[in-house]
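Breakdown of the fold
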Amino acid sequence: MKFLTNETFVSKVVEIYNKFVNAMAIIVIPILMLTLIIAVFMILYDLRLFVDYFFHGAQEVQYDKAFKALVRNILNFFVLIELFKVFIDVLEYRRIRKRQIIEAGIVFAVREVILLVFESHFEFTDLVGFGILLLSLGITYIILEKSYIEYLKFEKEDERLKRERKGLIAQRTDELKR
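Owing to the predicted nature of the structure, the values given are computational and were not obtained by experimental measurement. (Residues numbered from 1 in each chain as written. Predicted model: local features only at pLDDT ≥ 70, side-chain atom pairs only at ≥ 80, totals over all residues. Heavy atoms only, no water.)

Let's shift gears to the overall build of the protein chain. Broken down by element type, the protein chain carries four helices and zero strands. Taken from N to C terminus, the helices and strands of the protein chain fall in the order α-α-α-α. The buried share among the 178 residues of the protein chain stands at 19%. Here the protein chain displays about 13700 Å² of accessible surface, and carbon together with sulfur accounts for 68% of that area. (Helix = DSSP H or I, 4+ residues; strand = E, 2+ residues; numbered from the N terminus. Buried < 20%, exposed > 50% of the residue type's maximum accessible area, 1.4 Å probe, protein only. Areas by Shrake-Rupley, 256 points an atom, 1.4 Å probe, with all protein chains shown as cover.)

Okay, structure coming up:
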C-alpha cells in the first residue's frame, strides 16, 4: 500500500485519468451537439405542424396533439441544455458542481409538473410529491448559495486580516530596528 503515497505513481494515475476524460469528451461532445441539433429540428417541425393545423382548421384533436408535442419538446430542450451545462462544467473544472446538479433537477421536476398538469394526467399525490421535491431542491439551492456567499465573505475577510497582520509585523519590525 506504500505505492499509493508515491508521487510518481499518483501523478501517472492522474495523467491517465485526464487522458481518459479527454477521450470521453472527444466522443461525447459531438453526440451532445447532435442531440441538441436534433432537438431544435424537432421543435421546428412541431412548430410547423402546430401552425399548419392552426391556419388550416384541423380537427381539435390534431391541433391539441401538435401543441402538446411542441410544449413537450421545448421542455425537453431545456433539460438537455441543463445537462449539457453540467457536462461542460465537468470537463472544464474536473468536478461536478452541486449547484448545477440541483438546477438541472429543478428544471426536470418543473418540466414533469408542467407536463402532468398540461396533459391532465395527474393525481393530488403526484402534485404534492413534486411540490415537496421542488421545495427541498429550492431550500438546498438557497442554502448552497448562502454558504458560498459566506465563504467568499470569510475568504475576503481572511485576506484583509492577513494584510493587516503583515502591516503590523512590518511596523513592529521597523520599531525593533530603531
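Now that the structure has been shown, we can carry on.
Counting residues in hydrophobic clusters, the biggest one holds nine residues: Leu36, Ala39, Ile43, Leu49, Phe50, Ala66, Leu70, Phe77 and Phe84. Of all the elements in the fold, those that place two or more residues in this core are helix H1 (7-55) and helix H2 (60-93). In terms of residue count, the dominant contributor to this core is H1 (five residues). When residues no more than four places from it in sequence are discounted, the contact partners of alanine 66 are Leu49, Phe50 and Tyr53. (Core = buried A, V, L, I, M, F, W, Y, C linked by side-chain atoms within 4.5 Å. Contact = heavy atoms within 4.5 Å.)

Of note, arginine 111 is situated in helix H3 (residues 98-118). Here arginine 111 falls in the buried class, since its relative accessible area comes to 11%. For arginine 111, the side chain forms a polar contact with the side chain of asparagine 76, separated by 2.5 Å. (Polar contact = N/O pair within 3.5 Å; in protein donor to acceptor, adjacent residues only side chain to side chain.)

In the structure shown here, the tally under the stated rule is five salt bridges. A salt bridge links lysine 19 to glutamate 15; its shortest N-O distance comes to 3.4 Å. Of this pair, lysine 19 and glutamate 15 both sit in helix H1, separated by four residues, roughly a single helical turn. The partner of lysine 85 in a salt bridge is glutamate 82, with the nearest N and O atoms 3.4 Å apart. (Salt bridge = Lys/Arg side-chain N within 4 Å of Asp/Glu carboxyl O.)

Attention now moves to the packing of H1 against H2. Where H1 contacts H2, the axes come no closer than 9 Å and their chain directions differ by 160°. One element, H1, and the other, H2, form an angle in the roughly antiparallel class. Crossing geometry of H1 relative to H2 is assigned as left-handed. Of the residues contributing to the contact of H1 with H2, the split by class is 29 nonpolar, three polar and one charged. (Axes fitted to C-alpha atoms, helices over the stretch in contact; angles between N-to-C directions. Parallel < 35°, antiparallel > 145°, perpendicular 65-115°, else oblique. Left-handed = near helix turned anticlockwise from the far one by under 90°. Nonpolar A, V, L, I, M, F, W, Y, C, P; charged D, E, K, R; others polar.)

All right, on to H1 then. The end-to-end C-alpha distance of H1, which contains 49 residues, comes to 70 Å, matching closely the 72 Å that a straight helix rising 1.5 Å per residue would cover. Helix geometry: H1 is bent most strongly at isoleucine 26, by close to 25°, with proline proline 30 lying one to four residues after it. Contacts from the buried residues of H1 go to H2. Phi turns positive, to about 60°, at glycine 57, one or two residues after H1. (Expected span 1.5 Å × (residues − 1). Bend = angle between axes of the 7 residues up to and from the residue.)

The subject of this paragraph is the packing of aromatic side chains. Enumeration over the complete set of coordinates arrives at one aromatic pair. Measuring from centroid to centroid gives 5.2 Å for phenylalanine 50 and phenylalanine 67, while their planes differ by 40°, and the two rings are tilted. Here the residue phenylalanine 50 occupies a position in helix H1, and phenylalanine 67 occupies one in helix H2, the gap between them amounting to 17 residues. The exposure class of phenylalanine 50 is buried, given its relative accessible area of 15%. (Phe/Tyr/Trp six-rings, centres within 6.5 Å; stacked < 30°, edge-to-face > 60°.)

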